[in-house]
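Next come the chains, spelled out residue by residue.
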Amino acid sequence: MTIKRLIPEDLTTDMENQMVNLFKQLNPDIRLNPLAKMMTNTDQLSLVYCQEGKQIIGMASMVTYSVLSGSKGLVEDVVVDVNARGKGLGRKLMEQLLSIAEQKGLTEVLLFTGNHRQSAISLYTKLGFVKSESGMYRIKLNQGEM
């Protein structure tokens, strides 16, 4: 089993199809953006994945951005295959993203998760994340393709 950071040159159609199927375990109602297009700016998007043999069994991504209050990372789409859970893969994926955040000199890493995802919340708090009382609001805009 290996944890790798996806670079555009390594992306194959098979890998993308596996990631799309894995993503459906996280949220079957959301369509994954085309990875080849997303990977054109690896300065902003870091995607790490766990592979066992030729099978992708976990992935996580972080987008980075700069605002007046500093350089930040936002973790999204952390998912481990249902048959591979409980083996520490989520932790390894998150540790890889946090290492990338440190390398980039980010001042803060943010993530959001549903209150029902207790195992994810446990992992994030063990890694040092603290729940904020920000009261985040959101609005969904154009649902068109990127």
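Report follows, based on the coordinates. (Residues numbered from 1 in each chain as written. Predicted model: local features only at pLDDT ≥ 70, side-chain atom pairs only at ≥ 80, totals over all residues. Heavy atoms only, no water.)

## Observations concerning helix 4 (residues 118-126)
Next, step 1: The set of residues buried in helix 4 consists of Ala-120, Leu-123 and Tyr-124. Here the buried residues of helix 4 occupy an arc of 95 degrees about the axis, which is enough to place them on one side. Facing away from the buried surface of helix 4 by more than 90 degrees, the exposed residues are Gln-118, Ser-119 and Lys-126.
Next, step 2: In this structure, the buried side of helix 4 is in contact with strand 4 (70-80), helix 3 (89-104) and strand 5 (108-111).
Next, step 3: A positive phi of about 110 degrees marks Gly-128, the residue just after helix 4. (Buried < 20%, exposed > 50% of the residue type's maximum accessible area, 1.4 Å probe, protein only. Helix = DSSP H or I, 4+ residues; strand = E, 2+ residues; numbered from the N terminus. Arc of directions from axis to C-beta. Contact = heavy atoms within 4.5 Å.)

## Quick notes on the pairing of strand 3 (residues 55-67)
Next, step 1: In the sheet, strand 2 (residues 45-52) pairs with strand 3 via eight bridges, with the strands oriented antiparallel. Along strand 3, the bridge assignment pairs Leu-47 with Ser-61.
Next, step 2: Examined bridge by bridge, strand 3 and strand 4 share nine bridges and lie antiparallel to one another. In the strand pairing of strand 4, Val-63 is matched with Leu-74.
Next, step 3: Between strand 3 and strand 4, which pair antiparallel and follow one another directly, the connecting turn spans two residues. (Pairing = 2+ DSSP bridges.)

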